[in-house]
Amino acid sequence: MKKLALLIVIGFYTTCSSFSQVTPSVDSIVMRDGKKIAVDVYLPSNSGSQTYPTILIQTPYNRLLYRLQLPLGLGQNFANGKYAIVIADWRCFYGSAGACVVQPDRGKDGYDIVEWIAAQSWSSGKVGTWGPSALGKIQYQTAKENPPHLTCCVPVVAAPQFKYEEYYPGGAYRTEYVDQLDALGYGLSSFLKNNQVKNITWQYVEQANNYPDAINVPLFMIGGWFDHNTDLMIDFFNDVKVQSPIAVKDKHKMLIGPWVHGGHGIASVGTEPQGELFFPEATGWSDSLALRFFDYYLLNENNNWLQEPVVRYFGIGKNNWVSTSSFPAPYNGGPFCFIDNCSVLQIPIPIKSLNADSSAYFCEYQYDPTDPSPTIGGSTLRSDLLQGPYDQAAVEARADNISYTSMNLFECNSGEYLTILGNPLVHLVVSSDRKDTDFTVRLTDVYPNGKSIIIGEGVQRMRFRNGLFATDTSSINPGTVYEIDIKLPYISYSFLANHKIRLDVSSSNYPRYDCNLNNGGAMYVAGDSLIATNRIYSYNPASSSMSYVDFPFVDYCISGIEKSNRNYINAYILDNVLNITSTENIEKFDLSIFDSKSALVWTCKKQTILSGESKMYNLNNLPAGIYFLKYSDKSNIVKSFKLLIY
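All residue numbers here refer to positions counted from 1 along the written sequence of the relevant chain. A pLDDT threshold of at least 70 governs which residues receive local features in this predicted model, and a stricter bar of 80 or more applies before side-chain atom pairs are shown or counted, although totals over entire chains, interfaces and linings include all residues. Working from all heavy atoms in the structure, the side-chain values ignore hydrogens and water.

Notes on the overall build of the chain
Under the DSSP-based scheme used, a helix requires at least four consecutive residues in state H or I and a strand at least two consecutive residues in state E, with every element numbered from the N terminus. Of the regular secondary structure elements, the chain holds 11 helices and 32 strands. Type-normalised accessible area, obtained with a 1.4 Å probe on protein chains alone, sets the label of each residue: buried when under 20%, exposed when over 50%, and partly exposed for intermediate values. Split into buried and exposed, the 646 residues of the chain put 58% on the buried side. The contacts in the chain between residues at least 6 apart in sequence include a share of 75% that link residues at least 24 apart. In short, Shrake-Rupley with a 1.4 Å probe defines the accessible areas, and a residue's cover is counted only from the protein chains shown. Of the accessible surface of the chain, which amounts to about 24,600 Å², a share of 50% is contributed by carbon and sulfur atoms. Note on contacts: a residue pair is in contact if any heavy atoms of the two residues lie within 4.5 Å.

Shown next, in the form of structure tokens:
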């Protein structure tokens, strides 16, 4: 286990976009153990006696593929280029298969390659690294070893950490992710299946792979909102900005675009198409800024790179770039609550209130592990799956899915209803008739044409509801009501006018997550599967909590309720005070509150309220329970609200 952390690399990437042949010289580099690593060396044809800084790429996906097209746009004009390019096959892969050892130390291999480059007659002595996914992760490992001639790094859709939650989010195995890694030759499934819960092994591995204080060169980290590594990347960026040595901690920068991980299909970092969406405003930014970064540090060009923002990220929806000196933004949360009829996601109301039209307060569905809800898009990796933002119509048409949808959003301020930046949190009140089951969520943006485009997704395996260590796990009691939190991936997103916000709740999302057999027995082994009847409650009668989505708001407009629905009155009770708000001026309306037995317990006549005003009425300590508010005005419009007092 001592070197397991150095073996762990993830992901894959395809860099070939056209077929203009580029011819390198072939060489090999002797490592400190005497074994040889295969490399391709690309030098500008006008090199002569000149020396060049070098961009190093270390890949497990066959260096020969780069002969079809060099990255960063360098292939088209390489004859007059400014850089040497060195591309190395990892030990145990392709041209370096003969150098294989049981436990390769890829960071030390990176060190030896960097120092070999610096010793060549064509080298200026400055080396920068570039590459996505696994090619990005090995850059961190190389930087950790601090080779003297390493100058800077551009890891793309990559972070160095190896965390339990990356492979077992909410305690549920990421089937498609590990399947793809195994297919690429990493062979992680055996280790993962032998460590299904957090334990001392995971604690060691996690600590060994998180080393922000060891990064001694500037990083330009590039990520995508539809990539599975984004949260890890943001965490490491924030750590390295604080913990790396004083000389470099203020030089790290980060770029996050509306991009998928890449590796198959036409979408990758920097391309215009991403799933079913198109982002011309973000096309090519990753390459152009990476080259500016290299030009500054490797060529000493005075291109004002240091004046670039610390963080630049793309706001989906408004489709604009946002610059900031710190990340993430201050949290300003707000709950969207579930309503009793099992279909409405209420525009923000306080958590301790309930506003609904029906008497039921839960809905249920049956989850059959042999017929799981399918994975359609999202931050997937497996090559047979769609990747990125896709319509969830097929998911939402199933009987094992419940869709909570907001009212239509209309324009206010600069055109968007609300903008979020951060991790949305889904709080669910749930129960099941089995000893174990899963609850899955998908957050979507419903377009005016009806398409429900996925933004983020998450899962919670119920046996892990109290924590991820073995001592935390326990079966659930059939019929008992539980409360769980599911954190969704980090996102910057604006919901626009005439769109709707939707949350799809189910108990599977396969093959993204392993299917829970619902039998409460051993996981990831053959066994009898049981059909579970699972419930989602709008509120928990035994506590002061409801089911809701907590959004990290950046910009928010309270007037965004669709006016045509005539839902201009909103009412809730908080701390025994009745709160009334309105989006219109209303005169001479009456309020009456009835208890659950229809007895009148409070009334107030001939009230007036102005648009945007909030009125409060003391209810004189009504006992806890469910009440009904009746509103009526001079136009004979009558509305009823169900209210909950705790």
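Considering the sheet that holds strand E20 (residues 452-461)
By this definition, two strands are paired if DSSP reports at least two bridges between them. Across the sheet, 4 strands lie side by side as E16-E23-E19-E20; this open sheet has antiparallel pairing. The open sheet is flanked by strand E16 (402-405) and E20, the only strands paired with a single partner. Direction aside, neighbouring strands of the sheet carry axes that sit 20° apart on average. Bridge count for E16 against strand E23 (residues 500-506) is 4 bridges, and the pairing is antiparallel. Along E23, the bridge assignment pairs Thr-405 with Arg-502. For helices, the fitted line uses only the C-alpha atoms of the stretch in contact; every axis is such a line through C-alpha atoms, and the angle between N-to-C directions lies from 0 to 180 degrees.

Thoughts on the layout of surface pockets
Think of a 1 Å grid over the protein atoms and nothing else: a 1.4 Å probe that fits but is trapped marks a cavity, an open set flanked by protein within 12 Å on at least five of seven lines marks a pocket, and residues with an atom within 4 Å of a point count as lining. Grid points are joined across faces, edges and corners, and a volume is the space filled by probe spheres set on the points. Its boundaries defined by the atoms lining it, the largest pocket holds a volume of some 920 Å³. Lining the largest pocket are 37 residues, with Glu-165, Pro-169, Asp-231, Lys-487 and Pro-489 positioned closest to its centre. Counting residues per element, the ones that place at least two in the lining of the largest pocket are helix H4 (164-167), strand E7 (220-226), helix H8 (230-243), E20 and strand E21 (482-487). Broken down by element, the lining of the largest pocket gets its largest block of residues, 7 residues, from E20. Class assignment for the residues of the lining of the largest pocket results in 15 nonpolar, 11 polar and 11 charged. Each residue is assigned to one of three groups, with Ala, Val, Leu, Ile, Met, Phe, Trp, Tyr, Cys and Pro labelled nonpolar, Asp, Glu, Lys and Arg labelled charged, and all others, Gly among them, labelled polar.

Things to note about the state of the cysteines
Here, a disulfide means two cysteine sulfur atoms that sit within 2.5 Å of each other. In this structure the tally under the stated criterion is 1 disulfide. Bridging Cys-92 to Cys-100, the disulfide has an S-S length of 2.1 Å. For the disulfide bridge between Cys-92 and Cys-100, the dihedral angle about the S-S bond is near 90°, and by the sign convention the bridge is right-handed. In this structure Cys-92 comes out as partly exposed when scored by relative accessible area, which is 26%. Classification of Cys-100 by relative accessible area gives partly exposed; the value is 38%. Here Cys-153 is not cross-linked by a disulfide; its sulfur's nearest cysteine counterpart is in Cys-152, at 6.7 Å. Looking at Cys-153, the relative accessible area reads 1%, which means it is buried.

What about the environment of Asn-518?
In this structure, Asn-518 sits in the loop between E23 and strand E24 (532-537). When the C-alpha atoms of Asn-518 and Tyr-367 are compared, they prove to be 9.0 Å apart, with 151 residues separating the residues in sequence. In contact with Asn-518, not counting residues within four places along its chain, are Tyr-367, Pro-369, Arg-434, Lys-435, Asp-436, Thr-437, Leu-530, Ile-531 and Ala-532. Within the local environment of Asn-518, its side chain forms a polar contact with the side chain of Thr-437, the two groups lying 2.9 Å apart. In protein, a polar contact requires one atom able to donate a hydrogen and another able to accept it; more generally it is a pair of N or O atoms within 3.5 Å, and residues adjacent in sequence count only if both atoms are side-chain atoms. A polar atom in the side chain of Asn-518 sits 2.7 Å from the backbone oxygen of Leu-530.

Thoughts on the environment of Val-505
On the secondary structure map, Val-505 appears in strand E23. For Val-505, a relative accessible area of 0% gives the class buried. Each C-alpha atom, one on Val-505 and one on Glu-457, is 9.9 Å from the other, the two residues being 48 residues apart in sequence. Setting aside anything within four residues of it in sequence, one finds Val-505 in contact with Phe-338, Asp-400, Asn-401, Ile-402, Tyr-404, Leu-428, Thr-440, Val-441 and Ile-536.

Some thoughts on the pairing of strand E1 (residues 25-30)
In this structure, E1 lies alongside strand E2 (residues 36-42), joined through 6 bridges in antiparallel fashion. Within the sheet, the bridge partner assigned to Ile-29 lies in E2 and is Ile-37. Counting the residues between successive antiparallel strands, the hairpin from E1 to E2 contains 5 residues, one of them, Gly-34, with a positive phi of roughly 90°.

Quick word on the packing of aromatic side chains
The rule is short: rings of Phe, Tyr and Trp, with Trp giving its six-membered ring, pair when the centres are within 6.5 Å, and they are stacked under 30 degrees, edge-to-face over 60, tilted in between. Scanning the model with the defined rule gives 33 aromatic pairs in all. Here Tyr-168 and Tyr-173 contribute two aromatic rings whose centre-to-centre distance is 5.5 Å and whose plane-to-plane angle is 45°, an arrangement assigned as tilted. Side by side, Tyr-168 and Tyr-173 carry an identical accessibility label, which is buried. Pairing Phe-293 with Phe-294 gives two aromatic rings, centres 5.9 Å apart and planes at 55°, and the pair type is tilted. Residue Phe-293 shares its accessibility class with Phe-294, and that shared class is buried.

Looking at the pattern of salt bridges
For salt bridges, the criterion is a side-chain nitrogen of Lys or Arg within 4 Å of an Asp or Glu carboxyl oxygen. All told, the structure shown has 27 salt bridges when counted by the stated rule. Notably, a salt bridge pairs Asp-40 with Arg-63, separated by 3.0 Å at the nearest N-O pair. Separated by 23 residues along the polypeptide, Asp-40 in strand E2 and Arg-63 in the loop between strand E3 (52-59) and strand E4 (84-89) bring together distant segments of the chain. Classification of Arg-63 as buried rests on a relative accessible area of 8%. Among the ionic pairs, Asp-371 bridges to Arg-398, the shortest N-O distance being 3.6 Å. Linking Asp-371 in the loop between strand E15 (362-367) and helix H11 (393-396) with Arg-398 in the loop between H11 and E16, this pair joins segments that are 27 residues apart in sequence. Each of the salt bridges in this network shares a partner with another, and the network as a whole consists of Asp-40, Arg-63, Arg-67 and Asp-89.

Some thoughts on the confidence of the model for the chain
Taken residue by residue, the chain gives an average pLDDT of 87. The fraction at 70 or more is 84%. With pLDDT under 50 throughout, residues 411-416 is counted as low confidence; its partners more than four residues away or in other chains account for 13 contacts. Across residues 558-567 the pLDDT falls below 50, and counting only partners more than four positions away or on other chains, this stretch makes 20 contacts in the model. Every residue gets a pLDDT, meaning the predictor's confidence in that residue, from 0 to 100.

What to know about the environment of Tyr-83
Note that Tyr-83 resides in the loop between E3 and E4. The exposure class assigned to Tyr-83 is buried, which follows from its relative accessible area of 2%. One polar contact links the side chain of Tyr-83 to the main-chain carbonyl oxygen of Phe-294, over a distance of 3.4 Å. In terms of polar contacts, Tyr-83 uses its side chain to reach the side chain of Asp-295, at 2.4 Å.

Some words on the nonpolar core
Working definition of a nonpolar core: buried Ala, Val, Leu, Ile, Met, Phe, Trp, Tyr and Cys residues. They are joined through side-chain atoms within 4.5 Å. Within the largest apolar cluster, 141 residues are counted, with the highest numbers of intra-cluster contacts made by Tyr-167, Leu-192, Trp-225, Phe-294, Phe-327, Leu-428 and Ile-536. Look past the residues within four positions of Ile-536 in its chain and what remains in contact with it is Phe-338, Tyr-361, Phe-362, Cys-363, Tyr-365, Ile-402, Tyr-404, Val-429, Val-430, Phe-439, Val-505 and Ser-547.

Some points on empty space enclosed by the protein
All told, the structure shown has 3 cavities of 30 Å³ or more when counted by the stated rule. In this model, the largest cavity occupies a volume close to 50 Å³. Taken together, Ile-37, Gln-58, Ala-88, Asp-89, Trp-90, Arg-91, Arg-106, Asp-109, Ile-113 and Ile-138 make up the full set of residues lining the largest cavity. At the level of secondary structure, the elements contributing two or more residues to the lining of the largest cavity comprise E4 and helix H2 (106-118). With 3 residues, H2 is the single largest residue contributor to the lining of the largest cavity. For the lining of the largest cavity, the per-class residue count stands at 5 nonpolar, 1 polar and 4 charged. The computed volume of the second largest cavity comes to approximately 40 Å³. Along the walls of the second largest cavity sit Phe-220, Lys-253, Met-254, Leu-255, Leu-289, Trp-305, Glu-308, Pro-309, Val-310 and Arg-312, which together make up its complete lining. Top element by residues in the lining of the second largest cavity is strand E8 (residues 253-260). It accounts for 3 residues. Of the residues contributing to the lining of the second largest cavity, the split by class is 7 nonpolar, no polar and 3 charged.

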